[in-house]
Amino acid sequence: MFSGTSFQTIDAKGRIVLPARFREQLGETFIISKGFSGCVQVLSLDEFDNLREKIKTLPAKNAAALRYHVIATAVEVSPNASGRISIPQSLREIASLDKEAAVLGMDNRIEIWNKDKFDEMIAQSQDDLDEALSMLNF
C-alpha cells in the first residue's frame, strides 16, 4: 500500500526522485502511464497486470477507452542509482509536469502531479470531501 505525499523537483531532463519507501514497494522495474485526472500514475508490474486483466472483462467500448488512456501510454521504467526515474516528454506534457511535483501514495498506485494543479484540485474538491466524510459518519 502506498501512502503519503512528498514534493519533488523535476530536473531539465524530466527526471524525478521517487521516495525510497515507494521504490522499495515497486521493485526494480515498474510502469508509468497517463493517470485518470490530469496526473501521471506509477504502478508495480503486478498492479499493472491486474489492471490489464480487469480491463479485459469490460465491455469493448469501455475497455478500448482504458486501453488508449492507460496501456497505450505505459512505459516500463527503472530508477537510476540516485533513485530517479525519467518521465517521458509525452507524459510530462499530458500532466503539465515541469519543475515542482507532488508525489502521492494512493493505495495501489502512485500519482505524480504538477504541484500547482494538485493544489488547485485539492481546493476544488472540498465539497466532495465533505460529502464523503458525511457518508462515513466521520
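Because the structure is predicted, anything quoted here is derived from the model rather than measured.

Rules used throughout
- Counting of residues starts from 1 at the beginning of each chain's written sequence and follows it residue by residue.
- Restriction of local features to residues with pLDDT of at least 70 applies here, the model being predicted, together with a cutoff of 80 or more for giving and counting side-chain atom pairs; totals for whole chains, interfaces and linings are based on all residues.
- Where side-chain values are given, they derive from all heavy atoms of the structure, hydrogens and water being excluded.
- Here a strand is any run of E in DSSP of at least two residues, a helix any run of H or I of at least four, and the numbering for each starts at the N terminus.
- All radius of gyration figures rest on C-alpha atoms, and the globule criterion is 2.2 Å times the number of residues raised to 0.38.
- Exposure categories follow from relative accessible area, calculated using a 1.4 Å probe and restricted to protein chains: below 20% of the type maximum is buried, above 50% is exposed, and the middle band is partly exposed.
- The Shrake-Rupley method, run with a 1.4 Å probe, gives the accessible areas here. Residue values count only the displayed protein chains as cover.
- Lys and Arg are tallied as positive, Asp and Glu as negative. Neither His nor the chain termini are counted.
- For charged residues, the charge sits on one atom: NZ in Lys, CZ in Arg, CG in Asp, CD in Glu.

Engineer: Any details on the overall build of the protein chain? Residues and values, ideally.
Structural biologist: Scanning the protein chain from N- to C-terminus turns up 6 helices and 8 strands. Listing each helix as α and each strand as β along the protein chain from the N terminus yields β-β-α-β-β-α-α-β-β-α-β-β-α-α. Its C-alpha atoms give the protein chain a radius of gyration of 16 Å, within 12% of the compact-globule value 14 Å for 138 residues. Expressed along its principal axes, the backbone C-alpha trace of the protein chain runs to roughly 45 × 35 × 25 Å. Here the protein chain holds 138 residues, and the buried ones make up 34% of them. Carbon and sulfur atoms make up 51% of the accessible area of the protein chain, which amounts to about 8200 Å² in all. One finds the centroid of the 16 positive side-chain charges in the protein chain at a distance of 7 Å from the centroid of its 20 negative side-chain charges.

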